Structures are given as structure tokens and as C-alpha cells.
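# Notes for the structure review
The residues making up each chain are set out below.
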Amino acid sequence: MSMTTIAPGFLHTDGGQIVDSAGNSVKLTGINWFGAEGYAFAPQGLWMDSYQNHMDRMKSLDFNVIRLPFSDAMLDAGRKPTGIDYAKNPDLKGLTSLEVFDRIIAYADKIGMKIILDHHRSGDGASSNENGLWYTDRYPEATMIANWKMLAQRYAGNDAVIGADLHNEPHGAATWGDGNTSTDWARAAERIGNAIQSVNKDWLMIVEGVEIVNNNWYWWGGNLLGQKNYDVDFNVGNKLVYSVHDYGPSLHMMDWFKASDFPNNMPATWDRMWGNLIKSDQHPVLVGEFGSRMETAIDKAWMPKLIQYMNGDWDGNGSIDLAKGDQGASWTYWAWSPGSGDTGGIMTSDWQVDTTKYNAIKAGLFAGATPVLPPVPAPTEAPSTPPPGAPSSPSVAAPVAKPFDALAYVASHADLSAGLGADAAAGARHYQQHGHAEGRSVSFDPLAYTASYRDLIAGLGTDHDAASRHFIEHGRAEGRTTVFDAYNYLAGNRDLSAAFGADAEAGAAHYIRYGVLEGRTASGFDTLRYVASNPDLIDAFGTDARAAEIHYLTHGLAEGRSPTAFDPLAYLNANPDLHAAFGTDRVAATLHYVQHGKAEGRVASPTLETAALEHHDAGVEVWG
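Treat the numbers as computed from the prediction; the structure is a model and nothing was measured.

## Digging into the pattern of salt bridges
The final tally for this structure, using the stated rule, is 25 salt bridges. In this structure, the salt-bridge partner of E289 is R67, at a minimum N-O distance of 2.9 Å. Taken together, the residues span a long stretch of sequence, with E289 in strand β12 (residues 285–289) and R67 in strand β5 (residues 65–71) at a distance of 222 residues. In this structure E289 comes out as buried when scored by relative accessible area, which is 3%. Overall, the relative accessible area of 0% leaves R67 in the buried class. Salt bridges linked by common partners bring R67, D118, D165, E208 and E289 together as one network.

## Topic: the sheet that holds β12
An order of β4-β5-β6-β7-β8-β11-β12-β13 is seen for the eight strands of this closed barrel, with the pairing classed as parallel. In this sheet, neighbouring strand axes are inclined to one another by 25 degrees on average, regardless of whether the strands run parallel or antiparallel. Where strand β4 (residues 29–32) lies against β5, three bridges are found, and the strand directions are parallel. Residue pairing across strands places G30 opposite V65, the latter belonging to β5.

## Looking at the environment of E130
You can see E130 is positioned in the loop between β6 (114–121) and α3 (141–154). C-alpha of E130 to C-alpha of H171: the two residues are 41 residues apart in sequence and 9.2 Å apart in space. For E130, the residues in contact, after removing those within four places along its chain, are R121 and H171. Of note is the side chain of E130, whose polar atom sits 3.1 Å from the side chain of R121.

## Details of the packing of aromatic side chains
Note on aromatic pairs: each is described by the distance of the centres and the angle between the planes. On inspection of all chains with the given rule, the structure shows 33 aromatic pairs. Seen in terms of ring centroids, Y489 and Y511 are 5.1 Å apart; in terms of plane orientation they differ by 75 degrees. Their pairing is edge-to-face. Placement of the pair is Y489 in helix α14 (residues 486–491) and Y511 in helix α16 (residues 504–515), with a sequence separation of 22 residues. Residue class for Y511 comes out buried when judged on its relative accessible area of 5%. Between Y571 and Y593 the ring centres are 5.2 Å apart and the planes differ by 70 degrees, which places this aromatic pair in the edge-to-face class. Here Y571, found in helix α20 (residues 568–574), pairs with Y593, found in helix α22 (residues 586–597); they are 22 residues apart in sequence, far enough to count as distant. According to the relative accessible area criterion, Y593 is buried, its value standing at 7%. Of the aromatic side chains, those joined through ring pairs into one cluster are F63, F290, W331, Y333 and Y358. Against the face of Y453 rests R480, its NZ or CZ located 4.7 Å from the ring centre.

The rules we used
Residues numbered from 1 in each chain as written. Predicted model: local features only at pLDDT ≥ 70, side-chain atom pairs only at ≥ 80, totals over all residues. Heavy atoms only, no water. Salt bridge = Lys/Arg side-chain N within 4 Å of Asp/Glu carboxyl O. Helix = DSSP H or I, 4+ residues; strand = E, 2+ residues; numbered from the N terminus. Buried < 20%, exposed > 50% of the residue type's maximum accessible area, 1.4 Å probe, protein only. Pairing = 2+ DSSP bridges. Axes fitted to C-alpha atoms, helices over the stretch in contact; angles between N-to-C directions. Contact = heavy atoms within 4.5 Å. Polar contact = N/O pair within 3.5 Å; in protein donor to acceptor, adjacent residues only side chain to side chain. Phe/Tyr/Trp six-rings, centres within 6.5 Å; stacked < 30°, edge-to-face > 60°. Lys NZ or Arg CZ within 6 Å of the ring centre and 35° of its normal.

This is how it looks when you write it as C-alpha cells:
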């Protein structure tokens, strides 16, 4: 995995940082793809190209997240989108707007992009709610909460969706922390966020500011001065990300743009309004919207100063002021499509990349994490005969830097596979001449692909190049995908866990060379039960399987954690309502405890565990 990617799994916060499942501080740097919140109820540009091509292009520009606006109106029953050329998007024909979102999210998962769902407004239309609040008479707060809960349940467990921007641009009448139920956005955000967390504990909860605090005015959704006196607090901790919108002079000539020392005065303005939260290590901040047509000298002076600041150069002196491994502010640029009247888009009116705009923000893209790695023991020479209990394959040395894999690079991109075939030299040239500048990376895992299919295991073995060639020449057309999970394989075999830790490549190689012949199962580790067996992991990982598997391999095994202490039968026995609902469905019982039971204070009933296991072993299930 490239260090510019975000580890699989969900995100959490630690002080002023957003942290991935591998423990690395990461920076979300992406794009707003608006349109579905408005009258068409679909993201803009689907009349010009397929959603897959749009998203592939976003990925090629090195954006790692899409802020995807919607409205409550879009979620009305049976709502159908317009503005889609179904010849270019045949798989969207006949779908509702919500089902279009399903396809976009599924494709984001496929290509490794993240999604932030953005409640942009209540009814259909443009910009934020006209009343400045998060609800309207037609779509009251109760409807908004019901819609958020529906989305949170619909996409639960899919780590392509990593956050909920609870509402776009509270302004005007919206207040912060004053206790007025009708206008207090901070307390409303808590109600909405806690409702989401009652059904999905994995998402980041993104809370925008307001416009006016104590007669101090700022951009809609951009004023966080009220946080000093009232800090939003959710039931599930380490998920809060504050968000602001911050625009340039061409949108409105604010007083700070008129200062004699502009743009050097801007860092102090941003410090006061939102940057201090990162600097003081309180909370991360997402600059959810910023943008400009980049046509005036004053805008061209403002934009690089903002990028510099978001990168962590707090005083604007040209040097980064962050601690090692920390990241600055995350951001999503407004916007992808050219249809925004205020800023236009990264795409021009003829749907080509606006290089002036892109080059202005390119320096702020996520450049990569400083990885947090477990200690690696010094490699030792493998004995000629494995000791008793050791895995049947040789021990694998600690990972080392790998040379560029040109065929895997070609296999990672459908257009390159079609255009270059299995020509490694052409792949290397493409990356040197184009791919690096386009932000392309290597995402195809040759060994995991081989390990997914018995015929490839027999035919290709551990030949990386052969696996890449097969996928380029045959596999993609045959609809093959990579389904082998090396982390689960390692976690399900204690000897391999001890030998290889979380070395996924070693795990895939072992399965190909030895595991199949030895009759080992490729997915024998019950990840959900491991989480349920360790209550602190429920809070940390929820249903994030990849994060839990990595935790077991890097920490849990050494700490002596049990992966099977939780007994779903005993849990069902102790909760008759669940027995009535689920019968003897162990998976459903375990999932309920992770998602709901622990938070509800239900007893996992360890006193019944032994009896339940004994009866289970005898083929008898007891209900009190």
C-alpha cells in the first residue's frame, strides 16, 4: 500500500488529527461533486460521461475523498434522477437517486476513494437552506434524523463511506450553544450525530460552524468562535471533526481582504476562526468548501496563502510547523463540475481539467502518512528444519522497500490495461512520463489475486508478473476480482500469526504454496467475534473487519486476547427478545452485541458461556 493511501477501515480522531486504522495521521483532500441535492437529484456531469470515468479522473488527480451532497427531497420515496445520459451510464437506468448513490459508493470502494455524505439542504434547490437552519416546515428535524439513520444503516460496514457532514452552512438565524431548540445548531448537531451513532458508530461526525457568534460575522458555516464556550460532544468519542467553509475575495470583499497587509494577515484570521483547534491539538478541521475562479490578482494572492496554511505553515513563513507525522487541515474543494455560478469547477465548461485551478491547490494534496509500525524483530536465518509447531513454509524477513512493479501498475488501471496490455516497459514509461504527475498508484495485489482462485494457484504459483499478466489479459474481462483476505488468513492460523505478523504478502504466498495443500481455510478467523470478545475494540473498531484483523496480528495475539470469549448462544440465552428475533443465528447475535448490545448495557452472560458451549458441543442448544 502506498503511503499516500489511507489504510483500509474506518477513521477516528486523536486530538487535532484524523487517524486511520493503521494508526497513521491522514489528510482528506478531495472534491465536492454537487447536483444530487438540487433539482436533477443526480451529481452533475452524468450527461457528459459515465460516473465511473468521472471518478477515475478524480482519482487520477490524486483526490482521495468526495464530498457528496444530498437533500431530504432526494430521499423522498421513489425519487428518480434527471440529467443522466443512460447510453453512457447504462447501469443507472431505472434506478432511484438513492440507488445511484449506491453505485457511486460501490465504485468508490472499488477504486479506493472515500465518501463524505453531506446533508446540503432540506428541499431541492441550490446552496443551503434559505432559512439558515437545518430543517424546514416540509422537512422537519425528525425527518432529517430518520434519513440520516437510514443512510447510516444502509452503508454500515462499508469503509468507503467515512463521514457524515451533518448539515451544510448553518447561517443567519442559526446560533451556537445558547440552548434555543429552534436555532441552536451545536445542540442540534449532537442530537443528529447521536442518532446516527445509535445505528453506526464508525463514521466521522462532521460539524460545520455558523455565520454569526456574538456579533462576529464570517462565512456561512465557517464561524467556530462559539466552540470555546460550547464544545460539541457525541456519545461515541473520537469521531468529531469540525468543518468550515472559507472563500476568497471574489465571492465577497470581506474586511480582512481590504487590510493593508493582505494576504499576510490571513493566518491570524484563520487562527481565530478555526485553525487554533488543530494547532492546540483539540480537534481536526475539514475545510469543506473553498474555491475561486482564479481570475483576479487578489484571488491569486489568497489561494496559495490558504493552501500554505492548511498544509500546516501556521505563520506563513514558508516552513511547516507541524509535529513529525501530523497533518494540517483536511479539505474538499468546491467544486468538480463547472456548474457553480460562484467558482466554476476544476473541470472547464468543456469538461477538461482547469490547470490554473488545479495547479493552485495541488500543493495541498495529501502527500502521505508517516507510518506507525509495530517493532520488527531482527531477522534470523531460517533453520533447515522447522521447529515443531512452526508453519510449514520458511520464515519471511521483515518487509523491505520494493522496486516499482510496472505490470501491477498497468493492472491497477483499466485504461492502461486496454492500451498497453502486459507490456512492462510501456507501463514503466507511462508512469515516468504521465502516471506520477497524474497521481496514479499501484493498487493491484498480484498474490492476493492469485490466492483468490484455485485454478490460478495451480497455474501461476507465486509468480507476481504472471498474476498481473493474467488479470490484464484475461481476468478483468472475465470479471474476476480479488477476494482473498491475507489478514484474515493469518489471524485464523496461530502459527502463521506468530511467524508473519501482519505481513499480508507473506500470508498470501504461504496460502498459495502450502495452505491449500494443507487444507487450511482462507477465512477461518471470526473477526466479529474477536471484536465482541474485547469490549474496548467495539468502541475502537465497530464492524471494521480489516482494522480488527490487523489489531489481532499486531497487538491482540501478544496481549493474550481471546478471539472467542464472546459466546453468541449464551448472549441469546440471556436476552430472550434477541432469541425471538434471531433464533440461533450466531452471526446476527454477535453483530447485535457489537452494534447495539454493549451500548445498551446488555450482559454477554459469561456465567452461561461454559454451559452453552458444552451443550453446543453436544449438538444441543439450551434456552432458559
